[in-house]
Amino acid sequence: MAGARLKAPRGTFDVLPEDGRRRERLRRLFEELLDAAGYEPFETPVFEQTEVFARGVGETTDIVQKEMFTFEDQGGRSLTLRPEGTAPICRAYVEHGMHKLPQPVKLRYFGPFFRHEAPQAGRYRQFSQLGVEALGSDDPSLDAEAIVLLDELLRAAGARGLRLRLSSLGTPETRREYSDELRAYLRRHESELSAEVRARLDANPLRAFDSDDPGTRAVMAEAPRLLERLADEDAQHFAEVRALLDDAGVAYEVDSGLVRGLDYYTRTVFEFTSDALGAQSGVAGGGRYNGLVRLLGGPDTPGVGWAAGIERILLAAQPEAPQPPAPVFVARDEGASGRDAFRVLRTLRAEGLPAQLEQAGRSLKGQLKHADRIGARAVVIVADGGLRVRDMRSGEQREAADAAEAARLVIESTTR
RNA sequence: GUGGGCGUAGCUCAGCUGGUAGAGCUCCUGGUUGUGGUCCAGGCGGUCGCGGGUUCGAGUCCCGUCGCUCACCCCA
């Protein structure tokens, strides 16, 4: 371990090349898929005024209460490393007057997020998410489209053991009324509930639906359901979303107990999980947030979106790492001019060939061995007297008069 | 924050009841009077997480501490 005193901070990790290739491929897949659906690239800073999250995500949420990396800048302003992407995008939507653009505004993003939690399998303090937001329309087809695209993405990425849970939270008002009703119901059955559920009864009674305690489950089986309390318009909206998903052939389970950890959700909420993960089974989640833009000081604007964790997608997919393109290796024989070798390198690249140059002072034999290890298709040996092009598959070797001819020979011998 | 597991070369690991550190892989060199993939040989590379204790002697036992990891909570 040779004095490796300095380490990546707890809950963070370095992306080594093999994993980097996997991540880049996933990102490209995401971008192609969402581009085709009209979602445009969008970036917000990795930190924001703390207020954006405190107000946007909700003061009572776990994220705001205990998971934010918050610090002060030199002017004493409170800033926070973004723990999620939706509130910042809504902030930007307001800031840039994007409600004046043709609606809906469809955006996609990709980048790092930060949550100060105890790390474990699939959970990090810095993690990456890709996500989309569609602002400015309450049309159920946007909810359905978002889910269909997410479903497509996860499948194309190869995520295994997927399950989609779907529900509707109605409006904040019905949610509040329902919450009171559920709380009252739970109080009547308090003695039958597990200690943890009792402890969270005031803060988040909906969590009781997730409990695996037998007593609690028995109580919850009879508990009132939020879906049964939805106002007509909300129930109608949900029915339309479901019909569109049915038409699209996306399988889902309606789960009245589905709770998302952020305050801003209204109407549709959903979550993809994978049983190929550890305890952190959530791969992606999202929903509609019709009040958020207004909450952040903008006009009343509906929105819907989702975010997917790229580490978790990769964990659920376990894909092979893509191979980099097979390069041409430029070897230097003893006495060969470094300038000649460099010129050959540039010429090969100019001809569109991925090329690498010997830069470690190896013996010719070592260079060939190295070329083989990196999967070179051909080696151009730069010698005192001229150039030799060696096809690494056949072992055939031919003379070349100059770099351009060497490039031609490489293309000839390896693109058949 | 709490609980379980683990911390020996860059990586994967071995090291029995304490006796003074090993293997495989990787990398470099050589076997090849300039030329790779197999094979052989050699070389580079170790504060045995850290601190303390017991002992003639500790990687091996005891205590503490730090870190990693899985899980609870919550979530991407």
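Residues numbered from 1 in each chain as written. Chains lettered and ligands numbered in written order. Predicted model: local features only at pLDDT ≥ 70, side-chain atom pairs only at ≥ 80, totals over all residues. Heavy atoms only, no water.

## Some remarks on the side chain of Arg23
Stage number 1. Of note, Arg23 is situated in helix H1 (residues 17-35).
Stage number 2. With near-sequence residues (within four places) excluded, Arg23 lies in contact with Phe13, Val15, Ser128, Ile310, Glu311 and Leu314. (Helix = DSSP H or I, 4+ residues; strand = E, 2+ residues; numbered from the N terminus. Contact = heavy atoms within 4.5 Å.)

## A few points about the packing of aromatic side chains
Each aromatic ring pair is summarised here by two numbers: the centre-to-centre distance and the angle between the ring planes.
Stage number 1. Evaluation of the coordinates by the stated rule reveals seven aromatic pairs.
Stage number 2. One aromatic cluster is present, formed by Tyr109, Phe113 and Phe127 through successive ring pairs.
Stage number 3. Over the ring of Phe113 we find Arg82; its NZ or CZ atom is 4.2 Å from the centre of that ring. (Phe/Tyr/Trp six-rings, centres within 6.5 Å; stacked < 30°, edge-to-face > 60°. Lys NZ or Arg CZ within 6 Å of the ring centre and 35° of its normal.)

## Re the packing of helix H5 (residues 140-157) against helix H9 (residues 232-248)
Stage number 1. Running from N to C, H5 and H9 cross one another at 40 degrees; their axes reach a closest spacing of 8 Å. Here H9 runs oblique to H5, going by the angle between their axes. For the crossing formed where H5 meets H9, the hand is right-handed. Contact residues: H5 offers Pro140, Ser141, Asp143, Ala144, Ile147 and Val148, while H9 offers His237, Glu240, Val241, Leu244, Leu245 and Ala248.
Stage number 2. Taken together, the residues that form the contact of H5 with H9 break down as eight nonpolar, two polar and two charged. (Axes fitted to C-alpha atoms, helices over the stretch in contact; angles between N-to-C directions. Parallel < 35°, antiparallel > 145°, perpendicular 65-115°, else oblique. Left-handed = near helix turned anticlockwise from the far one by under 90°. Nonpolar A, V, L, I, M, F, W, Y, C, P; charged D, E, K, R; others polar.)

## Description of unusual backbone geometry
Stage number 1. Residue Pro104 is reached from Gln103 by a cis peptide bond, and omega for that bond is -5 degrees.
Stage number 2. Inspection of the secondary structure puts Pro104 in the loop between helix H4 (86-95) and strand E5 (105-114).

## Considering helix H8 (residues 214-221)
Stage number 1. Thr216, Val219 and Met220 are the residues of H8 that are buried. Around the axis of H8, the buried residues are gathered within 95 degrees of arc, so they sit on the same side. Looking at H8, the residues exposed on the side facing more than 90 degrees away from the buried face are Pro214, Ala218 and Ala221.
Stage number 2. Elements in contact with the buried residues of H8: helix H6 (172-188) and helix H7 (195-199). (Buried < 20%, exposed > 50% of the residue type's maximum accessible area, 1.4 Å probe, protein only. Arc of directions from axis to C-beta.)

## Points about the side chain of Ser128
Stage number 1. Mapped onto the elements of the fold, Ser128 is located in strand E6 (residues 126-135).
Stage number 2. On the accessibility criterion, Ser128 (9% relative accessible area) is buried.
Stage number 3. Residues within four places of Ser128 in sequence aside, it is in contact with Arg23, Gly111, Pro112, Ala308, Gly309, Ile310 and Glu311.

## Digging into the pattern of salt bridges
Stage number 1. Under the criterion given, the structure shown has 30 salt bridges.
Stage number 2. Note that Arg91 and Glu95 form a salt bridge whose closest N and O atoms lie 3.1 Å from each other. Of this pair, Arg91 and Glu95 both sit in helix H4, separated by four residues, roughly a single helical turn.
Stage number 3. By sharing partners, the salt bridges in this structure join Asp138, Asp143, Asp234, Arg267 and Arg288 into a single network. (Salt bridge = Lys/Arg side-chain N within 4 Å of Asp/Glu carboxyl O.)

## With respect to the sheet that holds strand E9 (residues 266-274)
Stage number 1. One open sheet accounts for eight strands, arranged E1-E5-E6-E11-E10-E9-E7-E8; its pairing is mixed. Strands at the two margins of the open sheet, each flanked by one partner only, are strand E1 (40-41) and strand E8 (253-254).
Stage number 2. Summarising the sheet, E1 and E5 pair through two bridges and their orientation is parallel. Residue pairing across strands places Pro41 opposite Arg108, the latter belonging to E5. (Pairing = 2+ DSSP bridges.)

## Concerning the layout of surface pockets
Stage number 1. In this structure, the second largest pocket spans a volume of roughly 270 Å³.
Stage number 2. Lining of the second largest pocket is provided by Arg165, Phe209, Asp210, Ser211, Arg217, Met220, Ala221, Arg225, Asp255, Ser256, Gly257 and Leu258.
Stage number 3. A class-by-class count of the residues in the lining of the second largest pocket yields four nonpolar, three polar and five charged. (1 Å grid on protein atoms, 1.4 Å probe; cavity = no way out; pocket = protein on both sides within 12 Å on 5 of 7 lines; lining within 4 Å. Points joined across faces, edges and corners; volume = space filled by probe spheres on them.)

## Focus on the packing of H1 against H5
Stage number 1. The N-to-C vectors of H1 and H5 enclose an angle of 145 degrees; their axes lie 10 Å apart at closest approach. Two packed elements cross with a definite hand, and for H1 against H5 that hand is right-handed. Residue-level inspection shows Leu26, Leu29, Phe30, Leu33 and Leu34 of H1 in contact with H5, the latter providing Leu149, Glu152, Leu153, Ala156 and Ala157.
Stage number 2. When the residues that make up the contact of H1 with H5 are grouped by side-chain class, the tally is nine nonpolar, no polar and one charged.

## Points about the environment of Asp275
Stage number 1. The residue Asp275 is located in the loop between E9 and strand E10 (282-288) in this model.
Stage number 2. Accessibility expressed as a relative area gives 66% for Asp275, which makes it exposed.
Stage number 3. Taking the C-alpha atoms as reference, Asp275 lies 12 Å from Ile313; in sequence the two are 38 residues apart.

## A closer look at the domain arrangement of chain A
Stage number 1. Taken domain by domain, chain A consists of domain 1 (17-170 + 230-316) and domain 2 (328-415).
Stage number 2. Summarising the inter-unit geometry, the C-alpha centres of domain 1 and domain 2 are found 49 Å apart. (Domains from an automatic or database assignment.)

## What to know about the environment of Asp372
Stage number 1. By secondary structure assignment, the location of Asp372 is in helix H13 (residues 364-373).
Stage number 2. Using a relative accessible area of 52% as the deciding quantity, one classes Asp372 as exposed.

## Describing the sheet that holds strand E4 (residues 78-81)
What links the strands of a sheet is backbone hydrogen bonding, and the strands pair in either a parallel or an antiparallel sense.
Stage number 1. Taken in spatial order, the three strands make up an open sheet running E2-E4-E3, and their pairing is antiparallel. Edge strands, defined here as strands with exactly one partner in the open sheet, are strand E2 (47-49) and strand E3 (70-72). Neighbouring strand axes in the sheet, compared pairwise and without regard to direction, differ in orientation by 35 degrees on average.
Stage number 2. Pairing between E2 and E4: three bridges, direction antiparallel. For Phe47, the partnering residue across the bridge sits in E4 and is Leu81.

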